[in-house]
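One-letter residues, chain by chain:
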Amino acid sequence: MLLLLACHSPSPGTITVYAGDEGLADFLATVGDPRIALVVSEDPLKDAGRSQAEVAVAVVTDSRCAECFRVDAGDVYTVTGGGALGVRYGLGALLEGFGYRFYHPAESLIPETLEPESSAWGVDEAPQIARRGLHMHTLHPIDGLYAYWTGEEDPDPIMDWAIRNRANHLQWVGLDDIDRKSTRLNSSHTVISYAVFCLKKK
């Protein structure tokens, strides 16, 4: 009796990102998948090329516009961005190419297996609209209450989620009857720029 077995290479189970910016660790952690790891490197391309990681990603910055990015596939995946936001947009696009979806700040759609599926890689991406973001009330107000109005939670997961969705702007109304401490912003209308936020995190 002849038995034929269909064989294929195993699906990659981890993604290791090599980058010079240790601040990307927090950005990757808020995805919520322990299979994604950051290795801080002075030469990401070289270290990723020598890596034994199942999926090795090198993060490179260049002189393109601060919010432009490109993802290239190969033995080593390369995310090239022109600035703090461009790099983060590129990482978001790379993860989407492996099946991740970022539908809520507190929870991502995490694929069971990491099969590359993107046909958009290898393309230079640049924003077509200068200001891209949302007012906090686009989310249910409770989702941002403790991070943005009472200060009891870390706002980073919401900011990182917005960046993974290619935003650069977040807006909310600051209510000075909630918290009058001098360390809090108590203006009637507060606008936060992600470009400033990312630079401060570095």
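Residues numbered from 1 in each chain as written. Predicted model: local features only at pLDDT ≥ 70, side-chain atom pairs only at ≥ 80, totals over all residues. Heavy atoms only, no water.

Now for the overall build of the chain. Along the backbone of the chain there are 6 helices and 10 strands. Sorting the 202 residues of the chain into buried and exposed places 42% on the buried side. When contacts within the chain are restricted to residue pairs at least 6 apart in sequence, long-range pairs at least 24 apart make up 54% of them. Total accessible area on the chain stands at roughly 11300 Å², and carbon and sulfur atoms take up 54% of it. (Helix = DSSP H or I, 4+ residues; strand = E, 2+ residues; numbered from the N terminus. Buried < 20%, exposed > 50% of the residue type's maximum accessible area, 1.4 Å probe, protein only. Contact = heavy atoms within 4.5 Å. Areas by Shrake-Rupley, 256 points an atom, 1.4 Å probe, with all protein chains shown as cover.)

Below, the discussion takes up the confidence of the model for the chain. Per-residue pLDDT for the chain has a mean of 80; in total, 79% of the residues score no lower than 70. In the model, residues 1-11 has pLDDT below 50 throughout and makes 3 contacts with residues more than four positions away in sequence or in other chains. Low confidence marks residues 184-202, where pLDDT is under 50. Its contacts with residues over four positions away, or in another chain, come to 51 contacts. (pLDDT = per-residue confidence, 0-100.)

Another point: helix α5 (residues 156-164). In terms of residue burial, α5 counts as a mostly covered element, since 8 of its 9 residues are buried. Among all positions of α5, only D156, I158, M159, D160, W161, A162, I163 and R164 are buried.

Our next topic: the pairing of strand β6 (residues 101-104). In terms of strand pairing, β6 meets strand β7 (residues 107-109) through 2 bridges, oriented antiparallel. Bridge assignment links R101 to a residue of β7, and that residue is L109. Counted along the chain from β6 to the antiparallel partner β7, the turn is 2 residues long. (Pairing = 2+ DSSP bridges.)

Right, let's get into the packing of aromatic side chains. Counted according to the given criterion, the structure contains 4 aromatic pairs. Taking 6.4 Å as the distance between ring centres and 70° as the angle between the ring planes, the aromatic pair formed by F69 and Y89 counts as edge-to-face. Taken together, the residues span a long stretch of sequence, with F69 in strand β4 (residues 69-72) and Y89 in helix α3 (residues 84-97) at a distance of 20 residues. One exposure class covers both F69 and Y89, and it is buried. Grouped by ring-pair contacts, the aromatic residues Y77, F98 and W121 constitute a single cluster. The lysine or arginine in question, R164, covers the ring of F27, its NZ or CZ lying 5.1 Å from the ring centre. (Phe/Tyr/Trp six-rings, centres within 6.5 Å; stacked < 30°, edge-to-face > 60°. Lys NZ or Arg CZ within 6 Å of the ring centre and 35° of its normal.)

With that settled, consider the pattern of salt bridges. Tallying each qualifying case throughout the model produces 8 salt bridges. In this structure, R132 and E67 form a salt bridge, with 2.4 Å as the shortest nitrogen-oxygen distance. Of this pair, R132 sits in the loop between β7 and β8 (133-135) while E67 sits in the loop between β3 (55-61) and β4, and the two are 65 residues apart along the sequence. According to the relative accessible area criterion, E67 is buried, its value standing at 18%. Linked through salt bridges whose partners overlap, the residues forming this network are R70, D72 and D124. (Salt bridge = Lys/Arg side-chain N within 4 Å of Asp/Glu carboxyl O.)

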